[in-house]
Amino acid sequence: MIGNAPQPVAPFSHAVEADGWICVTGQMPTFPDDPQAPLPEGIAAQTTRVMENLKLVLAGVGLGFEHIVFARVYLTEFKRDYQEMNQTYLSFFPPDKLPGRTCIGVTGLALDALVEIDLVAKRP
């Protein structure tokens, strides 16, 4: 586990580095200090919690959102949640440093979450 990041929900590392590239495992909208707490209500709150969890993982390896080169977003209710998720997601990145991204509609996520996001970062 990395720093204050949430407890993993499966057997994985939060981040793995190879040659300055960091793959950050998809984060769920869980609370680092209380993994048993109910997930936040709604896509905006869940996206915020996921992004905050990603921030904790990135900080644990000495990076921030400005180092992200690619993101993958998974949504269980794509048509309903896409726009609201985008608004929340966008608020975490410097406006001139948006990463590449794929957004995928899926039939389900761990813990019945509405959103999961994974990242690829590059160490400067």
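Refer to the structure presented above.
These figures come from a predicted structure and were not determined experimentally.

Thresholds, definitions, all that
- Residues numbered from 1 in each chain as written.
- Predicted model: local features only at pLDDT ≥ 70, side-chain atom pairs only at ≥ 80, totals over all residues.
- Heavy atoms only, no water.
- Axes fitted to C-alpha atoms, helices over the stretch in contact; angles between N-to-C directions.
- Helix = DSSP H or I, 4+ residues; strand = E, 2+ residues; numbered from the N terminus.
- Parallel < 35°, antiparallel > 145°, perpendicular 65-115°, else oblique.
- Left-handed = near helix turned anticlockwise from the far one by under 90°.
- Contact = heavy atoms within 4.5 Å.
- Nonpolar A, V, L, I, M, F, W, Y, C, P; charged D, E, K, R; others polar.
- Pairing = 2+ DSSP bridges.
- Expected span 1.5 Å × (residues − 1).
- Bend = angle between axes of the 7 residues up to and from the residue.
- Buried < 20%, exposed > 50% of the residue type's maximum accessible area, 1.4 Å probe, protein only.

Chemist: Mind laying out the packing of helix 1 (residues 43-60) against helix 2 (residues 78-90), listing which residues take part and the relevant values?
Modeler: Two numbers describe how helix 1 lies on helix 2: the axes approach to 9 Å, and their chain directions differ by 40°. By the angle between their directions, the pair helix 1 and helix 2 is classed as oblique. Our pair here, helix 1 against helix 2, has a crossing hand that is right-handed. Side by side, helix 1 and helix 2 meet where Ile 43, Ala 44, Thr 47, Thr 48 and Met 51 of the first sit next to Asp 81, Glu 84, Met 85, Thr 88 and Tyr 89 of the second. Here the residues of the contact of helix 1 with helix 2 sort into five nonpolar, three polar and two charged.

Chemist: Would you mind going over the side chain of Glu 116 in detail, with residue names and values included?
Modeler: Topologically, Glu 116 is positioned in strand 5 (residues 115-122). Every residue in contact with Glu 116, bar those within four places of it in the chain, is listed here: Gly 26, Gln 27, Met 28, Arg 72, Val 73, Tyr 74 and Leu 109.

Chemist: Could you give me a rundown of the sheet that holds strand 4 (residues 100-105), with the residues and numbers involved?
Modeler: Within the open sheet, the five strands sit side by side as 1-2-5-3-4. Their pairing is mixed. With one partner strand each, in any of the chains shown, strand 1 (15-18) and strand 4 form the two edges of the open sheet. Each neighbouring strand pair of the sheet contributes to a mean axis angle of 10°, computed without reference to strand direction. Relative to strand 5, strand 3 (residues 68-75) is paired through seven bridges, and the arrangement is antiparallel. Bridge pairing in strand 5 links Phe 70 to Val 120.

Chemist: For helix 2, give the residues involved together with the corresponding values.
Modeler: Because the α-helix completes a turn every 3.6 residues, residues three or four places apart line up on one side. Compared with the 18 Å implied by 1.5 Å per residue over 13 residues, the 17 Å span of helix 2 between its first and last C-alpha is a close match. Glu 84 marks where helix 2 bends most, by close to 30°. Taken together, the buried positions of helix 2 are Asp 81, Met 85, Asn 86, Thr 88 and Tyr 89.

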